[in-house]
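Geometric and topological summary
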Amino acid sequence: MIDGPEPAIVQSFYRVPRFSGLILGIWPEDKRSWDKNLLYAFSFLVILIGACGENLYGFANLNNLVSALEAFCPGSTKAVCVLKLSIFFMYHRQWFGFVERLRGLLCATRSDEAQRMLVGLSTIANRLSLLLVSSGSITNTAFNVQPLIMGLYRWLRELPGQVELPFNIILPDWATQSPLFPLSYLLLTASGACTVFAFSFIDGFFVCSCMYISGVFWIIQQDIRSIFVDLDKGRRLEFFTPATNAAIRTRLVSIIDRHNTIIDLSTDLTRQFTVIVLMHFLSAAFVLCSTILDIMLNTSSFSGLTYICYTIAALTQLFLYCYGGNHVSESSLAVADTLYDVAWYKCDARTRKMILMILRRSQWAKTIAVPFFTPSLPAFSSILSTTGSYITLLNTFL
């Protein structure tokens, strides 16, 4: 427990992901109450129904490419969300421990400059998470409103037809007929909304974690600089005295402890997110390719607008992973650059050995690496390029 007023970072700590996680009943807690488990069970069930029904519809209607893609796009997203929610639920205690350890590191630094920097990083991460909520909610609303608008249009024009479900999905006949049709419609609406909050929580949790980790690496850099600035201020010594070297080693011990702790936290984040990031990256090119093909093939302007929003949401999801992973790797490498730039040559052999140990460990970038992929901005560019190639290839067959 830290005495005194709360650090500024506490107010924005996982603000948007926490909001989404509480709605789904999945935010990491030490002890889960029955109502949180019930809320999670409902969210998981409605997303699972949507994932199974929509993908089945897509496979059953492969002869109609537009209808199949309209089912596969949300269906594949929901299938990945089912996987993400399952992993978070199974390891909720580990996630709770991770959040508390990270909170302790962020709150341990009380300087105004460091807290302003952390709040700035947190604000960027929360805004990206909010963009994900906004684009996803607009897309889900478009999916749900479109059948109602089309049904109203047919009714006003006295055209044959019936009100359709918001998503192309296979459901039992009794669920699509009166009096259960409105209930099925609401259930699919809830499925879309829960999907939006699911990837807002999990993807937002990832980017926030990465930004906080990079913030701690930044604080370590500042603390390393401050050691030599404080001890060498105005004196311009050719070599540090034994007392100065002892003071440097004492302060370096604290930095080494925090450096080891944040590296361990990065390793834990990588281990827990390995399957999530791998599945997301494997599905990213397909989802982007499908949504863009939907825009190209769909003759309805309303459907085209829906899939433009869908494309923005899918790109934002992918960008969050790459942006967060890129920040971690760059900030971890920057520690080595900082150590090289300080006046290490003025220290004695024992102190230089300690600095060298930190330097050697910092020279290996701490990446959120998974098999076949490492989330980074170059990886984001590569996936966009691959998606463009797929679209060009498929377009030659259409």
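Throughout, a residue's number is its position along its own chain's written sequence, starting from 1. Given that this is a predicted model, residues contribute local features only at a pLDDT of at least 70 and side-chain atom pairs are listed and counted only at 80 or more, while totals for whole chains, interfaces and linings are drawn from all residues. Remark: hydrogens and water are excluded; side-chain values derive from all non-hydrogen atoms of the structure.

1. Digging into the overall build of the protein
- Runs of E in the DSSP output that reach at least two residues are strands. Runs of H or I that reach at least four are helices, and both are numbered from the N terminus. Looking only at helices and strands, the protein has eleven helices and zero strands in total.
- Secondary structure of the protein in N-to-C order comes out as α-α-α-α-α-α-α-α-α-α-α.
- With the C-alpha coordinates of the protein rotated into their principal frame, the extents come out at 95 × 50 × 30 Å.
- Think of it in three bands: with a 1.4 Å probe and only protein chains considered, a residue is buried below 20% of the maximum accessible area for its type, exposed above 50%, and partly exposed in between. Looking at the protein residue by residue over its 398 residues, the buried ones come to 51%.

2. Considerations on empty space enclosed by the protein
- Cavity means a closed set of points on a 1 Å grid over the protein atoms alone, one where a 1.4 Å probe fits but cannot get out, pocket means an open set with protein on both sides within 12 Å along at least 5 of 7 lines, and lining means a residue has an atom within 4 Å of a point. Grid points are joined across faces, edges and corners, and a volume is the space filled by probe spheres set on the points. Overall, the coordinates contain two cavities of 30 Å³ or more when judged by the stated rule.
- Empty space within the largest cavity amounts to approximately 180 Å³.
- Contributing to the lining of the largest cavity are 16 residues, with Thr77, Thr139, Thr195, Phe199 and Tyr310 lying nearest its centre.
- Listed by contribution, the elements that provide at least two residues to the lining of the largest cavity are α4 (65–90), α6 (112–156), α7 (181–231) and α9 (301–341).
- Each residue gets one label: Ala, Val, Leu, Ile, Met, Phe, Trp, Tyr, Cys and Pro are nonpolar, Asp, Glu, Lys and Arg are charged, and the others, such as Gly, are polar. In the lining of the largest cavity, the residues fall into eight nonpolar, seven polar and one charged.
- For the second largest cavity, the calculated volume is near 130 Å³.

3. So, the nonpolar core
- Here, the term nonpolar core denotes a set of buried Ala, Val, Leu, Ile, Met, Phe, Trp, Tyr and Cys residues that are joined through side-chain atoms within 4.5 Å. Tyr14, Phe98, Phe205, Ile262 and Phe273 are the most contacted members of the largest nonpolar core, which has 100 residues in total.
- Here the element with the most residues in this core is α7; it accounts for 25 residues.

4. Looking at unusual backbone geometry
- Non-glycine residue Tyr14 carries a positive phi angle of around 50 degrees.
- Secondary-structure assignment places Tyr14 in the loop between α1 (9–12) and α2 (15–24).

5. Things to note about helix α3 (residues 34–60)
- In this scheme, a helix's expected span is set at 1.5 Å multiplied by one less than its residue total. In a regular helix each residue adds 1.5 Å, so 27 residues correspond to 39 Å; α3 covers 39 Å between its end C-alpha atoms and thus fits that length.
- Here α3 has its buried residues at Tyr40, Ser43, Val46, Ile47, Gly50, Ala51, Gly53, Glu54, Asn55 and Gly58.

6. Here we look at the packing of α2 against α6
- Orientation of α2 relative to α6, taken along the N-to-C sense of each, is 40 degrees, at an axis distance of 7 Å. Taken together, the axis directions place α2 and α6 in an arrangement best described as oblique. Contacts between α2 and α6 involve Arg15, Val16, Pro17 and Ser20 on the former and, on the latter, Asn126, Ser129, Leu130 and Val133.
- Classifying every residue of the contact of α2 with α6 gives four nonpolar, three polar and one charged. Only the contacting stretch of a helix is used when fitting its axis, a line to C-alpha atoms as for every element, and angles between N-to-C directions run 0 to 180 degrees. Here roughly perpendicular refers to angles of 65 to 115 degrees, roughly parallel to angles under 35, roughly antiparallel to angles over 145, and oblique to all remaining angles. By definition in these notes, contact holds between two residues if any of their heavy atoms fall within 4.5 Å.

7. Focus: the environment of Met279
- Inspection of the secondary structure assignment puts Met279 in helix α8 (residues 242–297).
- Since its relative accessible area comes to 35%, Met279 is described here as partly exposed.

8. Things to note about the packing of α3 against α4
- Closest axis-to-axis distance for the α3/α4 pair is 7 Å, and the angle between their directions is 150 degrees. α4 is crossed by α3, and the crossing has left-handed handedness.
- Residues of the contact of α3 with α4, tallied by class, amount to 16 nonpolar, eight polar and two charged. When the near helix sits turned anticlockwise from the far one by under a right angle, the crossing is termed left-handed; a clockwise turn instead gives a right-handed crossing.

9. A few points about the pattern of salt bridges
- Salt bridges, as used here, are contacts in which a Lys or Arg side-chain nitrogen is within 4 Å of a carboxyl oxygen on Asp or Glu. Applying the stated criterion across every chain, the model contains nine salt bridges.
- The residue Asp223 makes a salt bridge to Arg258 at a minimum N-O spacing of 2.6 Å. Placement of Asp223 in helix α7 and of Arg258 in helix α8 is noted, with a sequence separation of 35 residues between them.
- The class for Asp223 is partly exposed, based on a relative accessible area of 23%.
- Salt-bridge contacts for Asp268 lead to Arg271; the nearest nitrogen and oxygen are separated by 2.6 Å. You can see Asp268 and its partner Arg271 sitting in helix α8, three residues apart, about one turn around the helix.
- Its relative accessible area of 16% is what places Asp268 among the buried residues.
- A relative accessible area of 51% means that Arg271 is categorised as exposed.
- Through salt bridges with shared partners, one network takes in Arg101, Asp268 and Arg271.

10. Considerations on the confidence of the model for the protein
- pLDDT is a residue-level measure of predictor confidence that goes from 0 to 100. Residue-level pLDDT values for the protein average 84, and 91% of them are 70 or greater.
- At the level of individual helices and strands, the protein shows its lowest average pLDDT in helix α11 (residues 377–395), which scores 73, and its highest in α2, which scores 93.

11. Quick notes on α6
- Taking 1.5 Å of rise per residue, the 45 residues of α6 would be expected to cover 66 Å, and the 63 Å separating its terminal C-alpha atoms lies within 8% of that figure.
- A residue's bend is given by the angle between axes fitted to the 7 residues ending at it and the 7 residues starting at it. Of all the bends found along α6, the most pronounced is centred on Val145 and spans about 30 degrees, while Pro147, a proline, follows it within four residues.
- Where α6 ends, the next residue or the one after it, Glu158, has phi of about 55 degrees, a positive value.

12. With respect to the packing of aromatic side chains
- Two aromatic rings, drawn from Phe, Tyr or Trp (for Trp, its six-membered ring), form a pair once their centres lie within 6.5 Å of each other, and the interplanar angle then sorts them: stacked below 30 degrees, edge-to-face above 60, tilted otherwise. Overall, the coordinates contain 29 aromatic pairs when judged by the stated rule.
- Judged by centre distance (6.4 Å) and plane angle (70 degrees), the ring pair of Phe19 and Phe197 falls under edge-to-face. With Phe19 in helix α2 and Phe197 in helix α7, this pair connects stretches of sequence that are 178 residues apart.
- Residue class for Phe19 comes out exposed when judged on its relative accessible area of 52%.
- Here Phe88 and Phe205 contribute two aromatic rings whose centre-to-centre distance is 5.4 Å and whose plane-to-plane angle is 85 degrees, an arrangement assigned as edge-to-face. Taken as a pair, Phe88 in helix α4 and Phe205 in helix α7 lie far apart in primary sequence, 117 residues in all.
- For Phe205, a relative accessible area of 0% gives the class buried.

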